[in-house]
Amino acid sequence: MNTEVLKYNKESIERAAGIIRNGGLVGMPTETVYGLAANALDEAAVASIFAAKGRPQDNPLIVHISGIEQLAPLVREIPEVASRLADRFWGGPLTMIFPKSDVVPDITSGGLDTVAVRMPASEAARSLIDACGLPIAAPSANLSGSPSPTTAQHVYDDMHGRIPLIIDGGECSCGVESTVICFRENKIHILRPGGITAEMLSEFAEVEIDKAVSAKPAADERVLSPGMKYKHYSPKADVFIVDEHGDAFKRYCLTHAKGRTIALGIGTENDGIFIDYGACAEIQAQRLFSLLRYADDSGAELVFVEMPSQDGVGLAVYNRLLRAAGFRIVKE
Ligand code: AMP
Ligand code: MG
């Protein structure tokens, strides 16, 4: 199959909507990462998302909508706090989990009785959802296990030959996937941290953070969010988080460099093996996946990453890095 890449505009959105209405897949820009979009209510279309990504069947998809009135048909119940969160944070990088209605096929929800729903902020994503007139299932548009795509080129690198069209909407502004939450006993329970932070959510209700966010679940453990079980976001190189800062971080990397090595530092100068991955968490989030892909493109065997802060968006950066590094944290 030939894969076309078209700039986001009215014509390309019409083309993309035609493909999706006919059961096909399209690479879709959003503010978080690029998604692999299909009709969320069409079992065969959703099955082809899992096939194109090589995604485990029990890892449910997020359903994307473009207007709040599209939520009610997908769910059996909308908690009051969810309505208030939607008012404040939709469109934006917040995914909420609801009891699912019968219109959502089991394959979309990975066999669960719940469905994850998000309204993106991205104009390109929303105009595509509008043009389809359908809720859109869209996991990140990478091959399962590899870093999520933040440019149309990244999607092309993973998906060419597997999908007919990618809409190029430029670089994603958030760079990490949405915050995923569910509601438990009047609390907001964070299953995956993202651009909408625990601090922001705590204005609405008590917030708790799932332990799988920062710890490796045991092989036989039942996790609330199936995606947390899997190795994720990793380049071919061996990745380690280095729990040292400043000169101690540099010393560690220079001492332990082996073969082609890249060291991603916080606000460091680009020099030798060192590359700056951002002085603040928002920039780190935006650059992280792109730099992990760059590591592969440049043939790196080893990647060291300076330990990020775990506050605000930093928790999302830390969560993705832990998985990219297979939970390996080193220090001097
Ligand atoms: P991705 O589509 O790659 O951004 O991943 C979606 C994330 O949302 C995964 O970590 C899923 O496990 C999680 N998710 C989606 N639907 C549900 C659900 N119904 N319950 C719990 N987690 C979900
Ligand atoms: Mg993903």
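These numbers were taken from a predicted model, which means no experiment stands behind them. (Residues numbered from 1 in each chain as written. Chains lettered and ligands numbered in written order. Predicted model: local features only at pLDDT ≥ 70, side-chain atom pairs only at ≥ 80, totals over all residues. Heavy atoms only, no water.)

(A) Examining the pattern of salt bridges more closely. Within the structure shown, the criterion is met by 15 salt bridges. A salt bridge links Arg 293 to Asp 158; the nearest nitrogen and oxygen atoms lie 3.0 Å apart. Taken as a pair, Arg 293 in helix H8 (residues 281-297) and Asp 158 in helix H5 (residues 152-159) lie far apart in primary sequence, 135 residues in all. Exposure class is identical for Arg 293 and Asp 158. Each is buried. Put simply, Arg 184, Lys 187 and Glu 208 are held in one network by salt bridges that share partners. (Salt bridge = Lys/Arg side-chain N within 4 Å of Asp/Glu carboxyl O. Helix = DSSP H or I, 4+ residues; strand = E, 2+ residues; numbered from the N terminus. Buried < 20%, exposed > 50% of the residue type's maximum accessible area, 1.4 Å probe, protein only.)

(B) Representation of the sheet that holds strand E9 (residues 179-184) within the structure. What the 11 strands build is an open sheet, ordered E1-E8-E2-E3-E7-E4-E6-E5-E9-E10-E11; its pairing is mixed. Of all strands in the sheet, those with a lone pairing partner are strand E1 (4-7) and strand E11 (207-209), marking the two edges. Where strand E2 (residues 26-28) lies against strand E8 (residues 165-168), two bridges are found, and the strand directions are parallel. From the neighbouring strand, Val 26 faces E8, where its bridge partner is Leu 165. (Pairing = 2+ DSSP bridges.)

(C) Inspection of the site of ligand 1 at higher detail. Residues in close proximity to ligand 1 total 17 residues, the closest being Arg 55, Asn 59, Thr 114, Arg 192 and Gly 227. Side-chain polar atom of Asn 59 to an oxygen atom of ligand 1: 3.0 Å apart, as the coordinates give it. Residue Ser 140 places a side-chain N or O atom 3.4 Å away from an oxygen atom belonging to ligand 1. If ligand 1 stood free it would expose 490 Å²; the protein chains cover 95% of that surface. The class makeup of the residues in the shell around ligand 1 is 10 nonpolar, five polar and two charged. (Near = heavy atom within 4 Å. Polar contact = N/O pair within 3.5 Å; in protein donor to acceptor, adjacent residues only side chain to side chain. Areas by Shrake-Rupley, 256 points an atom, 1.4 Å probe, with all protein chains shown as cover. Nonpolar A, V, L, I, M, F, W, Y, C, P; charged D, E, K, R; others polar.)

(D) Structural view of the packing of aromatic side chains. For the coordinates displayed, the defined rule picks out four aromatic pairs. Ring centres of Phe 249 and Phe 274 lie 6.2 Å apart, and the angle between their planes is 65 degrees; this geometry places the pair in the edge-to-face category. Taken together, the residues Phe 249 in helix H7 (residues 246-256) and Phe 274 in strand E14 (residues 274-276) connect sequence positions 25 residues apart. According to the relative accessible area criterion, Phe 249 is buried, its value standing at 0%. Since its relative accessible area comes to 7%, Phe 274 is described here as buried. Geometrically, the ring pair formed by Tyr 252 and Phe 304 is edge-to-face, given 5.6 Å between the ring centres and 85 degrees between the ring planes. Highlighted residues: Tyr 252 in helix H7 and Phe 304 in strand E15 (residues 302-306), separated in sequence by 52 residues. Neither residue differs from the other here; Tyr 252 and Phe 304 are each classed as buried. Connected via pairs of aromatic rings, a cluster forms that spans Phe 240, Tyr 252 and Phe 304. (Phe/Tyr/Trp six-rings, centres within 6.5 Å; stacked < 30°, edge-to-face > 60°.)

(E) How the structure looks around the packing of H8 against helix H9 (residues 314-324). At a minimum axis distance of 8 Å, the contact between H8 and H9 shows a crossing angle of 25 degrees. One element, H8, and the other, H9, form an angle in the roughly parallel class. For H8 against H9, the interelement crossing comes out left-handed. Every residue of H9 that contacts H8 at Ala 281, Gln 284, Ala 285, Leu 288, Phe 289 and Leu 292 is listed here: Gly 314, Val 317, Arg 320, Leu 321 and Ala 324. Its residues placed into classes, the contact of H8 with H9 shows eight nonpolar, two polar and one charged. (Axes fitted to C-alpha atoms, helices over the stretch in contact; angles between N-to-C directions. Parallel < 35°, antiparallel > 145°, perpendicular 65-115°, else oblique. Left-handed = near helix turned anticlockwise from the far one by under 90°. Contact = heavy atoms within 4.5 Å.)

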